[in-house]
Amino acid sequence: MIDMRKKVVGALLTGMFILSACTFSDTKEIDQSLQRSSSGFDTDNTNETAPEMVTTEIHEEKPSEEKIAFEAEQVSDDFESIKSAMIDFITNCTEKGAINDIDFSSEDFESFPEIGEVVTFNEVNELYEEMFICEDIQCFYSFMYEECERPVMAIIVTDNPNYYIENNVMFFLIYNAGQLHLTSVINTYEQARSDNYLGKNGVYSSKEYANSRITVAKTEVITQKGTEDIIFDELILFGNELSYPDEYSSLYNECYTDKEPNLAIGKVEFDGQIHYCLYEFGERSDADKQFIIGCEEQGFVFESREEIMKMIENFASDKGYDIKLDELDAQRVEWVKV
């Protein structure tokens, strides 16, 4: 029964907006916005990104040879040269370097280059070698924002090339001020089980399956500066009263004393607000109807998935993104094995 339920919930999740792609439109207004962002990227980078972003002035100060074995390579300011340099970063992994903008504060990363120092992909790869059970570490790469002047490279490090979109470590590389920068990292390797999606437009989403009844999901945007911008989080529960506020848990237990529900509950959080929706399969049972009516009588009303999606799109628009939540396949990146 649990296996059947897990497959049904999995099918529901595929159609849900946590894995719906977010399309950045090609309108003139968005293009102009991206052009403005690109034109000001070199000069005011530290004003628009996290404090750890390294300025050109800092790079001009020669670091000590004891800390850095070589200087980061200077990259020509054109699209093909940038992409070529990014590929060289992982294929010539012991010779080509990038500026590290990531603060690894864990004790496990003591030997990793500090912020502002040069890092090679060989060092990135070695960072997680002890983490993986398999000795044959596999790497894949892809590009986002290829329609713009400056692409962002995503790099997957995984121990299972057959299921590389599941538990993995993902790094992001950008170009700025004549050099490459390693800007952020997402680690889902130690989760119980995770699925990861990345779109050409920078939309990233992941689902962690804690068990057959609980799924934790998040959707964010990897910006053109390689940083993460969270859009919304979602907790999805099947047949579990924990999806409701405490005052409704007793109602849930009362309705489903000896019956299984034909619905899953989505608890969606964005912009500091929480919304609830239903994901149903099959026909509503009498117990389902009784529970929903009981909730409504007590003032707890479920919102439709379409309503919540629209609110999320409006929220994303306020953050500067023109997001559509229904174009997953059209936006998915293509991964290339290193």
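Predicted, not measured: the structure shown is a model, and the values here were computed from it.

Caption draft 1: Representation of unusual backbone geometry within the structure. Its identity is not glycine, yet Tyr145 carries a phi of approximately 60°, on the positive side. Note on placement: Tyr145 falls in the loop between strand S3 (138-144) and strand S4 (152-158). Of note, Ala177 is a non-glycine position whose phi angle comes to about 55°, a positive value. Within the fold, Ala177 resides in the loop between strand S5 (169-176) and strand S6 (179-187).

Caption draft 2: Examining the sheet that holds strand S1 (residues 97-100) more closely. An order of S2-S1-S6-S5-S4-S3-S13 is seen for the 7 strands of this open sheet, with the pairing classed as mixed. Looking at the sheet topology across the chains shown, the edges are occupied by strand S2 (118-120) and strand S13 (336-337).

Caption draft 3: Quick look at the confidence of the model for the protein chain. On average, the protein chain scores 77 in pLDDT, and the residues at 70 or more come to 73%. In the predicted structure, residues 1-69 sits below a pLDDT of 50 and forms 116 contacts with residues beyond four places in sequence or in another chain.

Caption draft 4: The arrangement of the pairing of S4 in detail. The element S4 is largely enclosed, with a buried count of 7 among its 7 residues. With burial as the criterion, each face of S4 is covered, one bearing Val152, Ala154, Ile156 and Thr158 and the other bearing Met153, Ile155 and Val157. In this sheet, S4 lies alongside S3 in antiparallel orientation, the contact comprising 7 bridges. Looking across to S4, one finds that Ser142 is bridged to Ala154. When S4 meets S5, the two strands line up antiparallel, connected through 5 bridges. Each bridged residue has a counterpart across the sheet, and for Ile156 the counterpart in S5 is Met170.

Caption draft 5: Focus on the packing of aromatic side chains. Inspection of the entire model under this criterion finds 9 aromatic pairs. Centroid distance Tyr141 to Phe143: 6.0 Å. Interplanar angle 75°. Geometry classified as edge-to-face. Phe143 carries the same exposure label as Tyr141, and that label is buried. Ring plane angle 45° and centroid distance 5.9 Å describe the contact between Phe270 and Phe315, whose orientation is recorded as tilted. Here Phe270, found in strand S11 (residues 263-270), pairs with Phe315, found in helix H9 (residues 305-318); they are 45 residues apart in sequence, far enough to count as distant. By relative accessible area, Phe315 is classed as buried at 14%.

Definitions and limits used
- Residues numbered from 1 in each chain as written.
- Predicted model: local features only at pLDDT ≥ 70, side-chain atom pairs only at ≥ 80, totals over all residues.
- Heavy atoms only, no water.
- Helix = DSSP H or I, 4+ residues; strand = E, 2+ residues; numbered from the N terminus.
- Pairing = 2+ DSSP bridges.
- pLDDT = per-residue confidence, 0-100.
- Contact = heavy atoms within 4.5 Å.
- Buried < 20%, exposed > 50% of the residue type's maximum accessible area, 1.4 Å probe, protein only.
- Phe/Tyr/Trp six-rings, centres within 6.5 Å; stacked < 30°, edge-to-face > 60°.

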